[in-house]
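Analysis of the macromolecular model
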Amino acid sequence: MEAQPYATAPADSPRLESLRVEPLLTSEYDAHPAGVYERLRRTYGPVAPVGLLGVPVWLVLDYHEVLEVLRDDSQWRRDIRYWRARAQGQLPRDWPLLAGYEVRQTMFMDGDEHRAARLTHHSALRPFQDGHSPQGWELRAAVARYADELIALLAAESGLAGYADLGAQYTRPLLLMVTTKLFGCPVELGDELVMDLWRMLDGGPDAGPATGRAAAAMTRLAAHRRQRPGDDLTSYLLLADPDMSDEQLGRELLMNAVYLNDITGNMVLNTLLEVLRGNAAVRRGVSDGHLGETLHRVALINPPVANMCFRFAARDMRLGAFWIRAGDIVSPSVAAAHQDLLTIDASHLVDSTAGARAHLGWGAGQHQCPGAARELAGMIVTTAVGRIFDHFSKAELTLAPDQLPWRSGPVVRGPRLLPVRYELRGTPPESHPVPPPRHDDEAPDTAPAPDHRSRGLLSALRRLMTGAGGAG
């Protein structure tokens, strides 16, 4: 039988660049994105044309269509070189999201190149995935100890009862400390790196320079670890693919730093928020010790990645009420897809284990977050959230949930701050510094030097968060 040719968009079907589009990132979207998604769905159906920082984009809204885009990597490509508007020079020269998408690394590869890069990551992450291996055990111990150390610092400064921002005073320094540990940094990456990751993802006017600075920091780390390998992710990536250049390894580290600091950090904050705002299913999961299932529910209700990375159409295809042409840019909105899913059966889905696991927070298809990375992220989030409720006897928001300031950029969504009034249980946790990694033939250090990294990061992040506003 003769193969059927691919369909071609009818000549009279509207082109994305010819449509009049409303901007997506508005004050209304910042305050209530679900309302914006619903209005777009009523107007256009499951796919809507929107303006994203001055560039027209197809926003995919409904669960079925989002899942189709995420799963079909033969039609919906991740490689930015498929983007027609970029190839034809039609983008604004200073479009703030372009710099991040032009960082060529695993997330923006397709086909055999992508599969090979994922295998490298799988091999490098494997030692840390198993909680019984020396590397996995040490990382898990480090996350718990860093959390305890930050809570101890909070108690030392504010007492057993007081006020805190669980973003700037706990979650962000914790994730930066974990990154320093996992990546094998000889010195702290620096609190400014976290802010540069924010700037890159939020698409502000300084997103381009921020991307360059973050990539340069990671390239320097790659060069250092090539000369002095250790028991860390950077060294294991080099072991898995010795032919990687320092620049390429730096780009891969940058991707992992984004996941660790920004996306995993938002998952911690979103989980804490759902508990503090009184979400019954989430509270019940925390109190019963079922933190793993709690994360699935939070990812469904409030995913930290609201809109997944862009896809680019490999050929003309009808999606929703529109013809998407080859080279068009598509943004699959996980947050809108979850809203659609909850509307289908709102009566029990969030309380249902199977329903909650239908979330797309990790993506889907060939480009979904690798299993080892998902396990590590889940471990970090459950530990970070669990340690808060182990040590806090009381915590309540000092702002109404609808008054919290949000980061609602083109990709991520999470609270900018999480202010609470707290009370600790009894005495504050002791601070136990984590000893540095050692080889099996080395004797353990009987008197490790005090680890002051959390105090420095905490005070620096406070200055940034209360000063120039960080990522804005």
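Basis of the calculations
- The numbering scheme is per chain: residues are counted from 1 as the chain's sequence reads.
- Where local features are concerned, this predicted model is filtered to residues with pLDDT of at least 70; where side-chain atom pairs are given and counted, the filter is 80 or more; whole-chain, interface and lining totals use all residues.
- Hydrogens are left out, water is left out, and the side-chain values use all remaining heavy atoms of the structure.
- Every helix listed is a DSSP run of H or I at least four residues long, and every strand listed is a run of E at least two residues long, numbered separately from the N terminus.
- We define a polar contact as two N or O atoms separated by no more than 3.5 Å, with the added condition that, inside protein, one atom must be a possible hydrogen donor and the other a possible acceptor, whereas residues neighbouring each other in sequence contribute only through side-chain atom pairs.
- Between the rings of Phe, Tyr and Trp (Trp by its six-membered ring), a pair exists once the centres lie within 6.5 Å; its type follows the angle of the planes, with under 30 degrees stacked, over 60 edge-to-face, and the other angles tilted.
- Between buried and exposed lies partly exposed: a residue is buried under 20% and exposed over 50% of the maximum accessible area for its type, with that area taken using a 1.4 Å probe on protein chains only.
- By the criterion adopted, a ring carries a charge over it if an Arg CZ or a Lys NZ lies within 6 Å of its centre and within 35 degrees of its normal.
- Two strands are said to pair when DSSP picks up at least two bridges between them.
- Any Lys or Arg side-chain nitrogen located within 4 Å of an Asp or Glu carboxyl oxygen qualifies as a salt bridge.
- Joining through side-chain atoms within 4.5 Å is the link that ties buried Ala, Val, Leu, Ile, Met, Phe, Trp, Tyr and Cys residues into a set, and such a set is a nonpolar core.
- Contacts are residue-level and defined by heavy atoms, with any inter-residue pair within 4.5 Å sufficient.

Re the environment of H391
Counting through the fold element by element, H391 comes out in helix α17 (residues 371-391). Separated by 35 residues in sequence, H391 and G426 have C-alpha atoms that sit 8.5 Å apart. Here the side chain of H391 touches D148 through a polar contact of 2.8 Å, side chain to side chain.

Some details on the packing of aromatic side chains
Summed over all chains, the structure comprises 10 aromatic pairs. Centre to centre, the rings of W83 and W95 are 5.6 Å apart; their planes meet at 65 degrees, and the pair counts as edge-to-face. Of the two residues, W83 sits in the loop between β4 (76-77) and α4 (84-87) while W95 sits in the loop between α4 and α5 (98-101), which places them 12 residues apart along the sequence. In terms of burial, W83 and W95 fall into one category: buried. When the centroid spacing of 5.7 Å and the interplanar angle of 75 degrees are considered together, the rings of F128 and Y236 count as edge-to-face. Of this pair, F128 sits in helix α6 (residues 111-129) while Y236 sits in helix α11 (residues 233-240), placing them 108 residues apart in sequence. As far as the burial class goes, F128 and Y236 line up, both buried. Following the ring pairs from residue to residue traces out a cluster consisting of W83, W95, Y101, F108, F310 and F312. Here R413 stacks its cationic end above the ring of W406, 4.1 Å away from the centre of that ring.

Here's the deal with the sheet that holds β4
Ordered in space as β1-β2-β3-β9-β6-β4, the six strands form an open sheet in which the pairing is mixed. Only two strands of the sheet have a single partner each, and these edge strands are β1 (22-23) and β4.

Regarding the pattern of salt bridges
As enumerated under the stated definition, the model contains 20 salt bridges in all. Note that R407 is salt-bridged to D262, the shortest N-O span being 3.0 Å. Linking R407 in strand β11 (residues 406-408) with D262 in helix α12 (residues 246-276), this pair joins segments that are 145 residues apart in sequence. Here the salt bridges do not stand alone but share partners, grouping D79, R81, R104 and E113 into one network.

Some remarks on the nonpolar core
Counting 125 residues, the largest nonpolar core has W83, Y170, L174, F183, I324, L360 and L418 as the members making the most contacts within it. Among the elements that make up this core, the one with the highest residue count is α12 (14 residues). Once residues lying within four places of it in the same chain are set aside, the contact partners of W83 are V55, L91, W95, L98, F312, G327 and I329.

So, the side chain of Q135
Structurally, Q135 can be placed in helix α7 (residues 134-158). Of note is the side chain of Q135, whose polar atom sits 3.5 Å from the side chain of D231. Within the local environment of Q135, its side chain forms a polar contact with the side chain of Y236, the two groups lying 2.9 Å apart. Sequence-distant contacts of Q135, defined by excluding residues within four places in its chain, comprise P127, F128, D231 and Y236.

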